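Results of the structural survey
Residues per chain, in single letters:
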Amino acid sequence: MPSPIDVDDLLSEILLRLAPLPSSLPRASLVCTRWRRIVTDPDFLRRFRAHHWKPLGVFLTSSQSGRRDFSFSFVSDPGDSIRHESFSVPPVRAGAGDDDYTWVFLGCRHGRVLLINRTRDGYGYGRRMLVWNPIAGEHHLLHVPHFLDLGRYCSSVQGAVICASSHNHKGPFKVALVWNGDHSAHVCVYSSETGDWGDVVSTRVRRESGFIVIGFWNVLVGNSLYWLLFGIGRQLHMVEFDLGSQNLAVIQVPLPPDVYANHRGLYLTTLANGGGLSLIVMSANLKAQMWERTPDCDGAATARWMLRRTIELDKLLSLRPGFPECRRILGVEGDHNVMCVSTYRGVFMVHLESMQFEKIFETNPFSDGGTIHPFTTLYAPGTC
């Protein structure tokens, strides 16, 4: 009978459980060619991230103007009581010498939070960004150079923070800043290794009417970031940025217009096979259609979108008919496919891959509107 380490599938499961230290996978790759082939395989790296990057808790951001503090709740250990903590933004001034600016939450990934300063009236952006590791108590202040045109008439600015290594939340990182203006979408990347911003990459955006708006939520698929793009006619589009090649593209999502004509939320996820790109279309009755992007059979760059399944959240959460006004999606973390749903029975965190869920709040924590941001980090349960 062969030893477990002689069977690739069994060896992969063993290596999957290596401690998430910066040296674990590099050391394993030095053992032999076979081990190196396994630990560098993209599918193994995706599973390694999913195994070790766990939701530790949630950040809650209010829509109230001028808010600088974010509340945080630990929700990682089922059976334990939910712990609510108040995390203050590090004492770094949002503005240069005045109080006209405040920090705005842009998202979190790989154990880090990304903030940008914005005018308190909500119409303009400043020249500072903050990358913050609240668990380690570290923060990095980034100065946005003046060649990045974040003018007062820029309709939307979004961003993403990415660890350079999937198994090290204290190592180098990158920040991708995306914005639109002058009928174009633009991206610029900051690297903590060089301490500098790269070149601005731009692509033209066809606009038929109104404003072009880049959606808040983004997902990381392989080495590419994706944001939804709204305002280009009746057809849905998204922004695709390859971190390696620095290629920026606006691509069409060719779904029938009636699919999302009366939607209650559009969210990018990684529910497709192998962690590929997918789109959740929410309806008023908490039914989520999951559309998956599949390449054409000829291998061309164009792709089709196929309806793979419908997730009936109302049945999963055992909700009675009615009370539609009490049902709302408060946040979706697409990298790990976690959704926060507010209902008359409380607020639930739903893991869309396993279809397991847990109640994280007895009632909706917002009185004036807000968003829940699942916060993932490398940790062993019970140690944080």
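Before any of the text, the structure's been laid out above.
Quick look at the structure, then. Model, not experiment: these values are computed from the prediction.

Thresholds applied
Residues numbered from 1 in each chain as written. Predicted model: local features only at pLDDT ≥ 70, side-chain atom pairs only at ≥ 80, totals over all residues. Heavy atoms only, no water. Pairing = 2+ DSSP bridges. Helix = DSSP H or I, 4+ residues; strand = E, 2+ residues; numbered from the N terminus. Axes fitted to C-alpha atoms, helices over the stretch in contact; angles between N-to-C directions. Buried < 20%, exposed > 50% of the residue type's maximum accessible area, 1.4 Å probe, protein only. Contact = heavy atoms within 4.5 Å.

**Considering the sheet that holds strand β7 (residues 138–143)**
Taking strand neighbours across the sheet as the criterion, the 4 strands line up as β4-β5-β6-β7 in an open arrangement whose pairing is antiparallel. One side of each edge strand has no neighbouring strand; the edge strands of this open sheet are β4 (101–109) and β7. Each adjacent strand pair in this sheet contributes to an overall mean axis angle of 25°, direction not counted.

**Things to note about the side chain of T294**
You can see T294 is positioned in strand β19 (residues 287–295). T294 sits in the buried class, given a relative accessible area of 11%. Setting aside chain neighbours within four positions, we find T294 in contact with A303, R304, M306 and R308.

**A short note on unusual backbone geometry**
Phi angles above zero are rare outside glycine, and S318 is one such case at about 55°. Mapped onto the secondary structure, S318 falls in the loop between α5 (313–316) and β21 (328–333). Taking the relative accessible area as the measure of exposure, S318 reaches 53% and is therefore exposed. In the Ramachandran plot, M355 falls in the positive-phi region, its phi being about 60° despite a non-glycine side chain. Along the chain, the position of M355 falls in the loop between β23 (346–351) and β24 (356–361). With a relative accessible area of 25%, M355 lands in the partly exposed category.

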